[in-house]
2 protein chains.
Amino acid sequence: METELSKELGVRHAIFGFTPFPAVAAAISRAGGFGVLGAVRYAAPGELARSLDWMQEHTGGAPYGLDVVMPARKVEGVSEADVEAMIPETHRQYVKDVLARHGVPELAEGEASGWRITGWMEQVARSQLDVAFDYPIKLLANALGSPPADVIARAHDHGILVAALAGSAKHARRHAEAGIDIVVAQGYEAGGHTGEIASMVLTPEVVRAVDPLPVLAAGGIGSGEQIAAGIALGAQGVWLGSVWLTVQEAELPSRALIRKILAAGSGDTVRSRALTGKPARQLRTEWTDAWDDPAGPGTLPMPLQGLLVADAVSRIQKYEVEPLLGTPVGQIVGSMNSERSVRAVFDDLTRGFERAVDRVNRIAGRL
Amino acid sequence: METELSKELGVRHAIFGFTPFPAVAAAISRAGGFGVLGAVRYAAPGELARSLDWMQEHTGGAPYGLDVVMPARKVEGVSEADVEAMIPETHRQYVKDVLARHGVPELAEGEASGWRITGWMEQVARSQLDVAFDYPIKLLANALGSPPADVIARAHDHGILVAALAGSAKHARRHAEAGIDIVVAQGYEAGGHTGEIASMVLTPEVVRAVDPLPVLAAGGIGSGEQIAAGIALGAQGVWLGSVWLTVQEAELPSRALIRKILAAGSGDTVRSRALTGKPARQLRTEWTDAWDDPAGPGTLPMPLQGLLVADAVSRIQKYEVEPLLGTPVGQIVGSMNSERSVRAVFDDLTRGFERAVDRVNRIAGRL
């Protein structure tokens, strides 16, 4: 599965794997794909450096990338505390009420929230980049708009390709104008932040909108046949996130959550603003229902919602409060029914791709 | 583009084209695809017979099918008037208010509504079938659940294959148990009634759920590359509806509507209950906004909503009231930018499919 882009990056398969776990990213790169480590959970630059050191030791020299969340517009001199102060008391009370209704225990005194949104703030993302540019990463992806012009320039100075996620052709064109190198077309069915256009329609639309820039198909892809579909739609590769959540190398915070993911069907996700304030696909839970409830106060805009719910999400995960327990995940969750190694998943992807190509060729009368 | 199903039906390409217009259905069959005529707009059996006579004369012996809307559950002895009587006055008043706000003129005295939902009622669908079984149709499709058992048996007695649309694997399994022959997997991005699972995820899921029954991929398919994607996902063919709306042979009721379709982007549709009471993808208009408005009375269940709005939709179309003018159409509307003949569209589909197969083979290292 070679494309111009996979050759440029020096990987055997144009399969990009996004994951918050270094062990998963490294295993994807070792398997012949391109592992992309999500940096959003690293609040302190030192933590990111430790993970990148680990990646260096465990990728066997294979290339890998980093995904940050960096808004293109800068808000000067705003701290996390300033943002915290903007959260209305009604919303804080609602969080308390929902947690109390489900009997969710408090965190112990001084126990930090494991789930941070500080990586969403530009200062934090910039300090992450200062760290990242010391490592031989090959790709810098931004999950939220185009990165600022100086970041793109700095990446290019380091020989790093810049990718950005887009949920519409218009959004993709803005990225191209900003000078990025790769567009990740994120379809409606994807886990995490998504728009409303499904991959079947979005992928070719984005390919045409940014031609000749390479496009990766994202959303609805977790099998070899879905990879073949993405390639047929004009993508130069595919971007998979959800499928890695249940690999053995992943470090999800809760066994109950893993069981929930394995049991969920394709209809058990929802696009909700509950987690970050922007629509993101995730497991539908009583937590998302509470935020989508017209009788509730509704969600706050990003980044307030993320700050508002950070501790609550930690508590729900720590105490495994089943009805509230969720995670960003795409509609392919319905096909994630076992825990396997990254290598086993990856081999299934490449073999399934070959089988799908055989099938297309038979129907096209080429075999 | 041959599959077992296309061979069984005796067509060159496994491309199924659903359309309410006999001239379009006939042209699809003549081009080497399989034209399926939608019967829902025929209130009187005589009208359907005239269209099928016309089809017989204009398909040049090529096979074609019929699509009806028949609920599996029967409501005995209920007339259209009985159903009309169930519509609340608040909803009738809301229709009047929205139309008045936009200055929509009344229909002339005795002028019939051009848009009927009578085809949605079982008695009407059955009288359509009595007509249809006199013609050599090869496929009977049902857009709303599995057809009743006796209808399936009758179709099979006539050597007619039965297809049913499904928006989920569960729904598809019910069809298979009912004894249908083909499942049309209708993705979220499709025009008309749709569920929430996108084609990229739904198609393989339905293929697995009803194996070995053949599945047609529907939703998001309007180009050869999208056909190749559907085939890669395991479908034995594709089912296209929206793409035929703007062909030269179509008889849409309004030039203004055609212009609106040609101008619309992929983001200009909405899944709304405004038209029938069930979620159906259509152009987003001030009409759909009025029904989706939390300050309004909301929609009625099927079939009440369809009856409620039938005359209003006719008036909006007749007087071409732009802000309210809409139609069921899928997200591929963004790629429908010119009026061409069925033959030109069809040739584009088959050529685009071949190009997509070439591309997949290059990336798979097979070329």
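Residues numbered from 1 in each chain as written. Chains lettered and ligands numbered in written order. Predicted model: local features only at pLDDT ≥ 70, side-chain atom pairs only at ≥ 80, totals over all residues. Heavy atoms only, no water.

A closer look at helix H2 (residues 22–30) of chain A
Residue and element names in this part refer to chain A.
Right, so step 1: With respect to burial, H2 is a largely interior element, 8 of its 9 residues being buried.
Right, so step 2: Pro22, Ala23, Val24, Ala25, Ala26, Ala27, Ile28 and Ser29 are the residues of H2 that are buried.
Right, so step 3: Of the surrounding elements, those touching the buried residues of H2 are strand S1 (15–19), strand S2 (34–38), helix H3 (45–58), strand S3 (64–68) and helix H14 (342–363).
Right, so step 4: Just downstream of H2 lies glycine 32, where phi reads positive at about 110°. (Buried < 20%, exposed > 50% of the residue type's maximum accessible area, 1.4 Å probe, protein only. Helix = DSSP H or I, 4+ residues; strand = E, 2+ residues; numbered from the N terminus. Contact = heavy atoms within 4.5 Å.)

A short note on the sheet that holds strand S11 (residues 280–283) of chain A
Sheet strands pair via backbone hydrogen bonds, and the direction of the pair is either parallel or antiparallel.
All names here are of chain A.
Right, so step 1: One open sheet holds the 3 strands; their spatial order is S7-S11-S10, and the pairing between them is antiparallel. Where the open sheet ends on each side, the last strands, each with one partner, are strand S7 (192–193) and strand S10 (269–272).
Right, so step 2: Here 4 bridges tie S10 to S11, and the two strands are oriented antiparallel to one another. Across the sheet, residue valine 270 finds its bridge partner in S11, namely glutamine 282. (Pairing = 2+ DSSP bridges.)

Some details on the pairing of strand S2 (residues 34–38) of chain B
All names here are of chain B.
Right, so step 1: Burial within S2 is extensive, with 5 of its 5 residues counted as buried.
Right, so step 2: With burial as the criterion, each face of S2 is covered, one bearing Phe34, Val36 and Gly38 and the other bearing Gly35 and Leu37.
Right, so step 3: Each parallel crossover has a hand, and for strand S1 (residues 15–19) linked through helix H2 (residues 22–30) to S2 it is right-handed.
Right, so step 4: In terms of strand pairing, S2 meets strand S3 (residues 64–68) through 4 bridges, oriented parallel. Paired with glycine 35 across the two strands is tyrosine 64, which belongs to S3.
Right, so step 5: Following the backbone out of S2, through helix H3 (residues 45–58) and into the adjacent parallel S3, one traces a crossover that is right-handed. (Right-handed = clockwise from strand over helix to strand, strands pointing away.)

Thoughts on the pattern of salt bridges
Right, so step 1: Enumeration according to the criterion identifies 26 salt bridges over all chains in this entry.
Right, so step 2: For glutamate 354 of chain B, the salt bridge is made with arginine 366 of chain A, and the minimal N-O distance between the two is 2.7 Å. One end of the pair, glutamate 354 of chain B, is in helix H14 (residues 342–363); the other, arginine 366 of chain A, is in the segment after H14, on a second chain.
Right, so step 3: Here arginine 340 of chain B makes a salt bridge to aspartate 348 of chain B, at a shortest N to O gap of 2.8 Å.
Right, so step 4: Looking at aspartate 348 of chain B, the relative accessible area reads 37%, which means it is partly exposed.
Right, so step 5: What you see here is one network of salt bridges that share partners, running through Arg340, Asp348 and Arg351 of chain A. (Salt bridge = Lys/Arg side-chain N within 4 Å of Asp/Glu carboxyl O.)

Description of the sheet that holds strand S4 (residues 139–142) of chain A
Residue and element names in this part refer to chain A.
Right, so step 1: Read around the closed barrel, the 8 strands follow the order S1-S2-S3-S4-S5-S6-S8-S9; overall the barrel is parallel. Pairwise comparison of adjacent strand axes, ignoring direction, gives a mean angle of 25° for this sheet.
Right, so step 2: Two elements, S1 and strand S9 (residues 237–240), share 3 bridges in a ladder whose sense is parallel. Bridging from a neighbouring strand, glycine 17 pairs with leucine 240 of S9.
Right, so step 3: Contacting S2 and S3, H3 crosses the sheet at an angle of about 160° to S3. (Axes fitted to C-alpha atoms, helices over the stretch in contact; angles between N-to-C directions.)

Comments concerning the relation of the copies chain B and chain A
Right, so step 1: If you rotate chain B by 180° and push it 0.0 Å along the axis, it lands on chain A with an RMSD of 0.0 Å. Here the two chains are linked by the operation of a two-fold rotation axis. Across chain B, the rotation axis passes nearest the C-alpha of alanine 229 of chain B, at a separation of 2.0 Å. (Least-squares fit on C-alpha atoms with pLDDT ≥ 70 in both.)

Quick look at the interface of chain B and chain A
Right, so step 1: Listed per partner, the contact involves 44 residues of chain B and 44 residues of chain A.
Right, so step 2: Of all residues in chain B, Met200, Ile363 and Arg366 of chain B give up the largest surface area on contact with chain A, accounting jointly for 19% of the area buried on that side.
Right, so step 3: At the boundary of chain B and chain A, one finds 6 salt bridges.
Right, so step 4: Summed over the shared surface of chain B and chain A, the number is 25 residue pairs in polar contact (both at pLDDT 80 or more).
Right, so step 5: Every element with two or more residues in the side of chain B that touches chain A is listed here: helix H9 (199–210), helix H10 (224–232) and H14 of chain B.
Right, so step 6: If you tally residues by element for the side of chain B that touches chain A, the top one is H14 of chain B, at 9 residues.
Right, so step 7: Taken together, the residues of the side of chain B that touches chain A break down into 21 nonpolar, 13 polar and 10 charged. (Buried area = accessible area lost by both parts, 1.4 Å probe. Polar contact = N/O pair within 3.5 Å; in protein donor to acceptor, adjacent residues only side chain to side chain. Nonpolar A, V, L, I, M, F, W, Y, C, P; charged D, E, K, R; others polar.)

Describing the domain arrangement of chain A
Residues and elements named next belong to chain A.
Right, so step 1: Along its sequence, chain A is carved into domain 1 (1–77 + 121–248 + 340–367) and domain 2 (79–114 + 252–336).
Right, so step 2: On a C-alpha basis, the centres of domain 1 and domain 2 stand 25 Å from each other.
Right, so step 3: Facing the 22 residues of domain 1 at the interface are 21 residues of domain 2.
Right, so step 4: In total, domain 1 and domain 2 occlude about 1,700 Å² of area from one another, counting both sides; carbon and sulfur atoms represent 64% of this.
Right, so step 5: Counting the contacts that link domain 1 with domain 2 gives 1 salt bridge.
Right, so step 6: Between arginine 271 and glutamate 196 there is a salt bridge whose closest N-O contact spans 3.9 Å.
Right, so step 7: Taken together, the connections running from domain 1 to domain 2 amount to 9 residue pairs in polar contact (both at pLDDT 80 or more).
Right, so step 8: For the side of domain 1 that touches domain 2, the per-class residue count stands at 8 nonpolar, 12 polar and 2 charged. (Domains from an automatic or database assignment.)

Focus on the nonpolar core
Right, so step 1: Judged by nonpolar contacts, the single largest core of 219 residues is most densely connected at Leu66, Trp244 and Trp287 of chain A together with Leu52, Leu66, Trp244 and Trp287 of chain B.
Right, so step 2: When sequence neighbours within four positions are dropped, the list of residues in contact with leucine 66 of chain B reads Val36, Leu37, Ala39, Leu48, Leu52, Ala132, Ile137, Leu139, Leu140 and Ala141 of chain B. (Core = buried A, V, L, I, M, F, W, Y, C linked by side-chain atoms within 4.5 Å.)

Examining the pairing of strand S4 (residues 139–142) of chain B
Residue and element names in this part refer to chain B.
Right, so step 1: Alternating residues of S4 divide into Leu139 and Ala141 and Leu140 and Asn142, and every residue in both groups is buried.
Right, so step 2: Where S3 meets S4, 4 bridges bridge the pair, whose relative direction is parallel. Residue leucine 66 lies in a different strand from S4, and its bridge partner there is leucine 140.
Right, so step 3: Note: S4 against strand S5 (residues 161–166), 4 bridges, orientation parallel. The partner of leucine 140 across the bridge, within S5, is valine 162.
Right, so step 4: On the question of chirality, the crossover connecting S4 to the parallel S5 by way of helix H7 (residues 149–157) is right-handed.

Quick word on the environment of lysine 260 of chain B
All names here are of chain B.
Right, so step 1: Note that lysine 260 resides in helix H11 (residues 255–263).
Right, so step 2: Its relative accessible area of 21% is what places lysine 260 among the partly exposed residues.
Right, so step 3: A distance of 2.9 Å separates a polar side-chain atom of lysine 260 from the backbone oxygen of leucine 325.

Some remarks on the environment of leucine 139 of chain B
All names here are of chain B.
Right, so step 1: Following the sequence through the fold, leucine 139 ends up in strand S4.
Right, so step 2: Taking the relative accessible area as the measure of exposure, leucine 139 reaches 0% and is therefore buried.
Right, so step 3: Separated by 175 residues in the primary sequence, leucine 139 and serine 314 have C-alpha atoms spaced 30 Å apart.
Right, so step 4: Not counting chain neighbours up to four residues away, the residues in contact with leucine 139 comprise Phe16, Phe34, Val36, Tyr64, Gly65, Leu66, Ile160, Leu161, Ala163, Ile182 and Trp239.

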